[in-house]
Amino acid sequence: MRPGWLICARGIIWREALRFLQQKERFFAALVRPLVWLFIFAAGFRAVLGLSITEPYQTYILYETYVVPGLCAMIQLFNGMQSSLSMVYDRETGAMRTLLISPYPRWFLLASKLAASVIVSLFQVYAFLAIAYAWGVEPPLLGFVTLLPALVLSGMLLGAIGLFLSSAIKQLENFAGVMNFVIFPTFFASSALYPLWRLREGSVWLHDIALFNPFTHCVELIRFALYLEVNWISLAVVVGTGAAFLGGAFLAYDPSRGLIARRRGG
Amino acid sequence: MSSEPVPLAIEGVSHRYGSTEALRDVSLEAARGQFTVLLGVNGAGKTTLFNLITRLFGTQSGRITVGGVDLGRAPSDALAQMGVVFQSRALDTSLTVAQNMLYQGALHGLARRQTLARAEALLGRMGLSERMHDKAGRLSGGQQRRVEIARALLHKPRLILCDEATVGLDVRSRADIVAEMHRLAADEGLGVLWTTHLIDEVAPEDPVYVLHKGAILASGSAAEIAGERTLEAAFLALTGTEA
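### Things to note about the overall build of chain B
Point 1. When you go through chain B residue by residue, the secondary structure sums to eight helices and 10 strands.
Point 2. Here chain B has a C-alpha radius of gyration of 18 Å; the compact-globule value for 243 residues is 18 Å, and the two agree.
Point 3. Considered along the principal axes of its C-alpha atoms, chain B spans approximately 50 × 40 × 40 Å.
Point 4. Expressed as a percentage of the 243 residues in chain B, the buried residues total 47%.
Point 5. In chain B, of all internal contacts separated by at least 6 residues, the share reaching a separation of at least 24 is 67%.

### A word on the sheet that holds strand 9 (residues 207-212) of chain B
In a beta sheet, neighbouring strands are held together by backbone hydrogen bonds and run either parallel or antiparallel to one another.
Residues and elements named next belong to chain B.
Point 1. Taking strand neighbours across the sheet as the criterion, the six strands line up as 6-7-8-3-9-10 in an open arrangement whose pairing is mixed. Bordering the open sheet on either side are strand 6 (82-85) and strand 10 (215-221), each of which pairs with just one other strand. Here the strands of the sheet are splayed against their neighbours by 15° on average, with no regard to which way each runs.
Point 2. In this structure, strand 7 (residues 159-163) lies alongside strand 8 (residues 191-196), joined through five bridges in parallel fashion. If you follow Leu 161 over to strand 8, its bridge partner there is Leu 193.
Point 3. Running over the sheet, helix 1 (residues 46-53) touches strand 3 (35-39), strand 7, strand 8 and strand 9 and is turned about 145° from strand 7.

### Notes on the nonpolar core
Point 1. The biggest cluster of nonpolar side chains holds 143 residues, and the ones touching the most others in it are Ala 160, Ile 222 and Ala 249 of chain A together with Val 192 of chain B.
Point 2. Beyond its immediate chain neighbours, meaning those up to four positions away, Val 192 of chain B contacts Ala 30, Gln 34, Phe 35, Thr 36, Ile 160, Cys 162, Met 181, Leu 184 and Ala 185 of chain B.

### A short note on the sheet that holds strand 2 (residues 20-30) of chain B
Point 1. Pairing is antiparallel in the open sheet, where four strands are placed in the order 2-1-4-5 (chain B). Of all strands in the sheet, those with a lone pairing partner are strand 2 and strand 5 (69-70) of chain B, marking the two edges.

### Some details on the interface of chain A and chain B
Point 1. Taken together, the contact between chain A and chain B spans 29 residues of the former and 32 residues of the latter.
Point 2. At the level of secondary structure, the elements contributing two or more residues to the side of chain A that touches chain B comprise helix 1 (5-22) and helix 4 (95-100) of chain A.
Point 3. In the side of chain A that touches chain B, the residues fall into 13 nonpolar, 10 polar and six charged.

### Let's talk about helix 2 (residues 24-45) of chain A
Note that an α-helix has 3.6 residues per turn; residues three or four places apart therefore point the same way.
Residues and elements named next belong to chain A.
Point 1. Helix length check: helix 2, at 22 residues, gives a terminal C-alpha distance of 31 Å against a target of 32 Å (1.5 Å per residue), a fit within 8%.
Point 2. Along helix 2, the helix axis deviates most sharply at Leu 38, where the bend reaches about 25°.
Point 3. Along helix 2, the residues classified as buried are Ala 30, Pro 34, Trp 37, Leu 38 and Ala 42.

Calculation criteria
- Residues numbered from 1 in each chain as written.
- Chains lettered and ligands numbered in written order.
- Predicted model: local features only at pLDDT ≥ 70, side-chain atom pairs only at ≥ 80, totals over all residues.
- Helix = DSSP H or I, 4+ residues; strand = E, 2+ residues; numbered from the N terminus.
- Rg over C-alpha atoms; globule rule 2.2 N^0.38 Å.
- Buried ≥ 20, exposed ≤ 12 C-beta atoms within 10 Å, placed from the backbone.
- Contact = placed C-beta atoms within 7 Å.
- Pairing = 2+ DSSP bridges.
- Axes fitted to C-alpha atoms, helices over the stretch in contact; angles between N-to-C directions.
- Core = buried A, V, L, I, M, F, W, Y, C linked by C-beta atoms within 7 Å.
- Nonpolar A, V, L, I, M, F, W, Y, C, P; charged D, E, K, R; others polar.
- Expected span 1.5 Å × (residues − 1).
- Bend = angle between axes of the 7 residues up to and from the residue.

The structure is reproduced here in structure tokens:
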């Protein structure tokens with residue numbers, strides 16, 4: 001077995017962290033987006049959207065409290081897509097080839113890249129939660145610990161979707177269009193902004209779509225973990241779809257079978 | 001006579017993109033200590049072949065061995081023996097030269113201290129040791145290319161692949177880099193495969209393969225291929241392209 005696996009994974013994570021630290025505006029953009037939702041949207045809708053007792057909450061809650069887990073997942077969704085964008089950019093500039101010609105297996109290189117993306121998203125989510133806490137959304141403090149594995153799993157799923165998409169996007173110019181068809185439907189047709197039972201009152205088919213949307217299960221996994229509970233169905237969906245997308249991404253980047261291999265080299 | 005395996009041997013490689021044939025029964029060798037040139041116009045199939053050697057694409061038919069290791073059967077061992085300089089610059093310009101080196105070292109499983117020591121020696125050879133802590137983006141095109149060559153040598157490969165590595169550089173930088181690659185091949189005993197469409201980069205004694213429309217049309221030393229003519233005239237006659 002080739003030595004140095006850990007060095008390789010650490011190197012890939014270190015490079016992503018370095019790039020993230022150098023792009024300060026990326027960090028602020030990642031924070032501003034959910035904060036706008038929390039400070040403006042949630043405050044505005046507090047009066048309109050009353051929420052009765054719903055799991056995992058033990059009492060009536062304000063809309064701000066409800067929306068915070070969805071906004072955590074939103075940060076990870078955008079981060080996953082940002083990683084996807086960075087993969088497409090790296091492919092266009094040639095930096096991706098530097099990664100792919102490493103002697104370590106491709107699945108390992110992509111998994112390391114994914115791990116780097118998840119770690120970056122964790123910093124963003126915890127920074128957001130600290131601000132939300134100061135704003136008055138106060139889950140149990142132990143919830144910040146139990147949340148971690150949920151964030152890792154949801155980050156892996158959303159990052160794997162981004163990784164899979166990056167293999168299918170041919171040019172950077174196509175990225176914005178693809179994202180419009182991914183980010184917004186994924187986010188709005190989910191339980192991030194409104195509970196599923198509320199959605200059902202408005203539209204049964206939208207409720208059904210949201211129920212099958214893996215992003216809904218990321219949100220619910222995070223919501224339950226933040227309140228010291230496990231949503232087993234969401235856990236199963238997140239792990240299952242995460243494995244499927246990751247497998248798809250590994251296959252897509254496989255030199256003999258994948259989507260990349262079918263492109264003309266020149 | 002050396003019993004060491006040939007740095008690169010390609011036997012009967014063909015490749016298709018759907019119904020389009022990009023390479024047809026290509027065979028070539030890059031021997032130890034030699035600067036081997038793959039000469040062809042744009043679209044000849046050089047980059048496709050390059051992508052096959054670096055395993056960015058899987059081999060559909062034929063066999064590629066690197067240092068005696070079959071790329072299809074043991075890709076990790078084969079890739080570990082090769083250093084690559086791509087046509088498009090692949091340095092991360094937002095990182096320093098040292099950080100680029102550390103990243104490359106990590107991708108080959110080299111420890112930090114080992115990478116930095118080797119990077120210092122290689123950059124010294126390229127005349128760039130004082131630029132080690134500069135952002136790669138602040139270097140000229142020629143200097144970036146030299147850093148990429150140093151980076152490709154970090155893990156002590158047997159084979160260096162350079163895909164149109166001088167494209168976009170001025171005449172002086174191009175000549176310096178070609179000369180440096182000749183020296184590296186001779187001094188370190190490396191096999192170099194240099195793909196280009198620029199005939200003035202080829203020396204008379206260099207082994208040359210002429211690739212056109214996916215097939216090897218001629219092979220031998222540049223002097224042998226040229227015969228009584230210039231290499232350019234011979235190349236144009238072989239490929240039927242206009243000067």
